[in-house]
Amino acid sequence: MADLAGRISLQIEADSLSLYNAMSDKSFLTNSGFSKSTALGMYLPNSYEFFWNTSADSFRDKMLTEYNRFWTDTRKAKAKELNLTPNQVMTLASIVYEESKQKDEQPTVAGLYLNRLRIGMPLQADPTLKFAAYQLPKYKNTIIRRVLNVHMEIDSPYNTYKNSGLPPGLIAMPDLSAINAVLDYESHKYLYMVADAKRIGYHKFAKTLSQHNANAREYHRY
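Small disclaimer: the values here were computed from a predicted structure and weren't measured. (Residues numbered from 1 in each chain as written. Predicted model: local features only at pLDDT ≥ 70, side-chain atom pairs only at ≥ 80, totals over all residues. Heavy atoms only, no water.)

Caption draft 1: A look at the packing of aromatic side chains. Per the counting criterion, the structure on display carries eight aromatic pairs. The interplanar angle of 10° and the centroid separation of 6.1 Å between the aromatic rings of Y43 and F59 together place this pair among those described as stacked. Of this pair, Y43 sits in the loop between α3 (26-32) and α4 (56-70) while F59 sits in helix α4; the two residues are 16 residues apart in sequence, bridging distant segments of the chain. Of the two residues, Y43 and F59, both sit in the buried class. One aromatic cluster is present, built from ring pairs that chain together F34, Y67, F70 and W71. (Phe/Tyr/Trp six-rings, centres within 6.5 Å; stacked < 30°, edge-to-face > 60°. Helix = DSSP H or I, 4+ residues; strand = E, 2+ residues; numbered from the N terminus. Buried < 20%, exposed > 50% of the residue type's maximum accessible area, 1.4 Å probe, protein only.)

Caption draft 2: Structural context of helix α8 (residues 126-134). Within α8 the residues assigned to the buried category are P127, T128, L129, A132 and A133. On its buried face, α8 is in contact with α6 (86-99). (Contact = heavy atoms within 4.5 Å.)

Caption draft 3: Seen up close, the side chain of Q106. The topology assignment puts Q106 in helix α7 (residues 106-119). Here A178 takes part through its backbone nitrogen, which lies 3.3 Å from a polar atom of the side chain of Q106. Those residues in contact with Q106, other than ones at most four positions away along the chain, are V96, Y97, S100, K101, S177, A178 and A181. (Polar contact = N/O pair within 3.5 Å; in protein donor to acceptor, adjacent residues only side chain to side chain.)

Caption draft 4: Molecular detail of the layout of surface pockets. Quantified by volume, the largest pocket comes out at close to 2000 Å³. Along its surface, the largest pocket is lined by 48 residues, and E98, D126, P127, K130 and F131 are the ones closest to its centre. Within the residue set of the lining of the largest pocket, elements represented by two or more residues are α1 (2-8), α2 (16-24), α6, α7, α8, β1 (192-195) and α10 (209-221). By residue number, the principal contributor to the lining of the largest pocket is α8, which donates five residues. Here the residues of the lining of the largest pocket sort into 28 nonpolar, nine polar and eleven charged. Size it by volume and the second largest pocket reaches roughly 340 Å³. Contributing to the lining of the second largest pocket are 14 residues, with I8, Q11, N46, Y48 and F59 lying nearest its centre. Of all the elements in the fold, those that place two or more residues in the lining of the second largest pocket are α1 and α4. Sorting elements by how many residues they give to the lining of the second largest pocket places α1 first, with three residues. (1 Å grid on protein atoms, 1.4 Å probe; cavity = no way out; pocket = protein on both sides within 12 Å on 5 of 7 lines; lining within 4 Å. Points joined across faces, edges and corners; volume = space filled by probe spheres on them. Nonpolar A, V, L, I, M, F, W, Y, C, P; charged D, E, K, R; others polar.)

Here it is in structure tokens:
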């Protein structure tokens, strides 16, 4: 939220502190159906038109209007079919987005995570481990390029290797494509995925652990 406030302060007259305070206001969040953990989900990445002298409160309120406009009855119905609230859809979309920036692959990734949720399997999403690590002082101003076993031991509600279900909130600002990928997920039986050595940026998916291990060995060799 602080990063977003700083970015927006470059576009309108309101300064970053005023924006952050308005965006983090507890009464506003509660009345609007958000918490500190889910508040980032209100700010959908898109193109918007503002007057230069827009105040912090006016910016925040307009973004809430745009958010409510996005969540049409159709989208709410799709979320309900998934047994997810809009906030939970946004949280899952943030994980999908951090896992894959490929728009044509995101529905497959979303379907895999939904499969895990349905059977009570931990999401085991590496991006959540990175997010958990970045909350710790020892990882401040560092970039985690590879998730290691030590990261899997971090005591955090965002550690989806230790905790089942969704984390408390978003780990990033998801693109609209990732949000729609969750709502219009690909139906399949995949439970496992690993980076594809032959198609950089994509993944190989598997229905069984044995097939996944074979895919993992291929990537590790690469």
